[in-house]
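Chain by chain, the residues:
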Amino acid sequence: MSVSASSLKASHTDVIVCHGCDHVFDSVPCEHGQQLNCTHCGSTLKVYHDNWLSHAAAFTVAGVVLFILTLSFPFIGLETAGLEQNSRLLTGVAALLEREHYLLGSLVLITIFLMPLLELLGLSYVIGARWLNIKPPGITATLHLLFISRPWNMMEIFFIGVLITTTKLGDIASLIPGVGLYAFAGLIVVLIYSHTHLDRDALWQWLRYENRYEGIEGEPLVLCHHCDALVGESLLDLNDHCPRCHSSVRKRIPGSFQRTLALLVAATILYVPANTLPIMTTVQLGAPSSDTIISGVVHLFESGNAGIAIVVFVASIVVPIAKIIAMAYLLWAVKRGPVGNPRHQAILYRITEFVGRWSMIDVFVVTLLVALVQFGVLANIEPGGAIVCFAGVVVLTMLAAETFDPRLLWDAHK
């Protein structure tokens, strides 16, 4: 049967579709703080919050204030042998750019400054528009970007990097936390709460209440992963864009398997130089010494910092290897066909997607050390060749997880 754009039928339906496996559930009333999970793959479907708009607005305003304080005051200082070295949030970025580490400096700038700034601007724009009950241009794109950019905001990982740096330098110098560091810690908390309380479904219903679009009655529907609308396949044959948010809608991520495999192979290749080349070089009284990731962990153990050594070992050694192995297994499960338990595989995928970004700890530690330890002939720290390769491993594995379509696991089991 032929269908035209004029035959589009728009309506509203109270259902929730799981992004992880495409199973459809009836929407049910919930109380404050309750969470709905998919009974098939275990994905979180929705978390309910009363007065979400007021809470999200309060946290966002607090975030703007804390962001200004973070940039306005010293972040952390280092004092040794009567010499003092102070740094601000972006001092490490400037130090990397001065040494012509443009890719690494840009990555750190994006993850600890630009992404938090864009989040605050986006939250302010969306929440302000909802509060005033106006629908300004670009609000749908802003709402979409708020959620897809969240994994690339790595402030909490950077903060853990600060704690590790403090431990590394605690025996040779006195570290002085600044007002900017305390404001940064508060900013991490309020941004997390802002996202937790922001009700994405309520915002989309406010922007456009209809969430079901059919060209032929009873036809198969495809989920829009941007606004959770259900779009008929006949409409996608005419135009592959969602009538509600105008984003591209596909049954599955195009080329998901091939892209994930290519990114995973590239990450595996980079992992070799990341662990064999020096990650940083320390020059004390004219005597240089280089550390790889492994030797840095050993030094932490020998200096009595076993807890920090375990954190660095897990984040920098275990997590990248485990993520590569896990993603390779998931690709094999998709290619092989019905093998294993798809629910367990879906859980493995979500764990892999969540923990991968935490490997950036080593990158941030080196950035902080380069910014702080610059005392002329007494001591200096310079980044090594491995740090760029290691950052590449982290980014490529994150992209591999994002391009992988977990619904393929369920397709393999039909």
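Provided above is the structure to which this section pertains.
Residues numbered from 1 in each chain as written. Predicted model: local features only at pLDDT ≥ 70, side-chain atom pairs only at ≥ 80, totals over all residues. Heavy atoms only, no water.

Student: Got a sec to walk through the overall build of the protein? Specific residues and values, please.
Tutor: When you go through the protein residue by residue, the secondary structure sums to 15 helices and 14 strands. In terms of principal-axis extent, the alpha carbons of the protein reach across some 80 × 50 × 35 Å. A total of 414 residues make up the protein; the buried ones form 48% of that total. By sequence separation, contacts in the protein at least 24 residues apart represent 69% of the contacts at least 6 residues apart. Accessible surface for the protein amounts to roughly 19,000 Å². Of this, 64% is attributable to carbon and sulfur atoms. (Helix = DSSP H or I, 4+ residues; strand = E, 2+ residues; numbered from the N terminus. Buried < 20%, exposed > 50% of the residue type's maximum accessible area, 1.4 Å probe, protein only. Contact = heavy atoms within 4.5 Å. Areas by Shrake-Rupley, 256 points an atom, 1.4 Å probe, with all protein chains shown as cover.)

Student: Give me the side chain of Ser256: which residues, what numbers.
Tutor: Mapped onto the fold, Ser256 is located in helix H9 (residues 256-276). For Ser256, the side chain forms a polar contact with the main-chain oxygen of Thr403, separated by 2.8 Å. Dropping the residues within four chain positions of it, Ser256 is found in contact with Thr403, Phe404, Asp405 and Leu408. (Polar contact = N/O pair within 3.5 Å; in protein donor to acceptor, adjacent residues only side chain to side chain.)

Student: Describe the packing of H9 against helix H11 (residues 306-336), naming the residues involved and giving the relevant values.
Tutor: Between H9 and H11, whose axes approach to 11 Å, the crossing angle comes to 155°. As judged from the angle between their axes, H9 and H11 are roughly antiparallel. Of the two possible hands of crossing, H9 and H11 adopt the one that is left-handed. In this structure, H9 uses Phe257, Thr260, Leu261, Leu264, Ala267, Thr268, Tyr271 and Asn275 to contact H11, whose residues at the interface are Ser316, Ile317, Pro320, Ile321, Ile324, Met327, Ala328, Leu331, Val334 and Lys335. Classifying every residue of the contact of H9 with H11 gives 13 nonpolar, four polar and one charged. (Axes fitted to C-alpha atoms, helices over the stretch in contact; angles between N-to-C directions. Parallel < 35°, antiparallel > 145°, perpendicular 65-115°, else oblique. Left-handed = near helix turned anticlockwise from the far one by under 90°. Nonpolar A, V, L, I, M, F, W, Y, C, P; charged D, E, K, R; others polar.)

Student: Kindly report on the state of the cysteines, identifying the contributing residues and their values.
Tutor: Tallying each qualifying case throughout the model produces zero disulfides. Not part of a disulfide, Cys18 finds its nearest cysteine sulfur in Cys41, a span of 3.4 Å. For Cys18, a relative accessible area of 1% translates into the label buried. (Disulfide = S-S within 2.5 Å.)

Student: How would you explain the pairing of strand E5 (residues 44-47) if you had to name every residue and give the values?
Tutor: Sheet topology places strand E4 (residues 35-37) next to E5; three bridges connect them, and they run antiparallel. Of the residues in E5, the one forming a bridge with Asn37 is Thr44. In sequence, E4 turns back onto E5 through a hairpin of six residues, with Gly42 there showing a positive phi of about 85°. (Pairing = 2+ DSSP bridges.)

Student: Before we move on, can you summarise the sheet that holds strand E1 (residues 9-11) with the specific residues and values?
Tutor: Spatial ordering of the open sheet is given by E1-E9-E11-E10, a layout of four strands whose pairing is mixed. Lying at the two open borders of the sheet, with one neighbouring strand each, are E1 and strand E10 (221-223). Taking the axes of each pair of neighbouring strands and ignoring which way they run, one obtains an average angle of 20° across the sheet. Across two bridges, the pairing between strand E9 (residues 212-214) and strand E11 (residues 230-232) is parallel. Looking across to E11, one finds that Arg212 is bridged to Leu230.

Student: Describe the environment of Val222, with residues and values.
Tutor: Within the fold, Val222 resides in strand E10. Along the sequence, Val222 and Cys242 sit 20 residues apart, while their C-alpha atoms lie 9.8 Å from each other. With residues up to four places along the chain from it excluded, the contact list for Val222 reads Ala229, Leu230, Val231, Glu233, Leu236, Val249, Arg250 and Lys251.

Student: Before we move on, can you summarise the packing of aromatic side chains with the specific residues and values?
Tutor: For the structure on display, the rule yields eight aromatic pairs. When the ring of Phe75 is compared with that of Phe158, the centres are 5.9 Å apart and the planes differ by 45°; the resulting orientation is tilted. Residue Phe75 is located in the loop between helix H1 (52-72) and strand E6 (76-80), and its partner Phe158 is located in helix H5 (residues 155-169); the two are separated by 83 residues in the primary sequence. Here Phe75 falls in the buried class, since its relative accessible area comes to 1%. Aromatic rings pair up to connect Phe75, Phe158, Phe184 and Phe364 into one cluster. Sitting above the plane of the Tyr48 ring, Lys46 keeps its charged end 5.0 Å from the centroid. Cation over ring: Arg200 sits above Phe147, and NZ or CZ is 5.1 Å from the ring centre. (Phe/Tyr/Trp six-rings, centres within 6.5 Å; stacked < 30°, edge-to-face > 60°. Lys NZ or Arg CZ within 6 Å of the ring centre and 35° of its normal.)

Student: Give me the lowdown on a nonpolar patch on the surface, citing residues and values where you can.
Tutor: On the surface, a cluster of nonpolar side chains totalling about 540 Å² of accessible area is made up of Ile294, Val298, Phe301, Ile310, Phe313, Val314 and Val318. For the nonpolar patch, the secondary-structure elements that each account for two or more residues are helix H10 (293-302) and H11. Counting residues per element, the nonpolar patch draws most heavily on H11, which supplies four residues. Among the secondary structure elements, Val318 is positioned in helix H11. The exposure class assigned to Val318 is partly exposed, which follows from its relative accessible area of 36%. (Patch = residues over 30% accessible without salt bridge, like charges linked within 9 Å, V, L, I, M, F, W, Y side chains within 5 Å. Salt bridge = Lys/Arg side-chain N within 4 Å of Asp/Glu carboxyl O.)

Student: So what's going on with the side chain of His49? Residues and values would help.
Tutor: Tracing the backbone shows His49 in the loop between E5 and H1. Among the polar contacts listed, one links the side chain of His49 to the backbone oxygen of Thr196, at a separation of 3.4 Å. Leave out the neighbours within four places in its chain, and His49 touches His32, Thr196 and His197.

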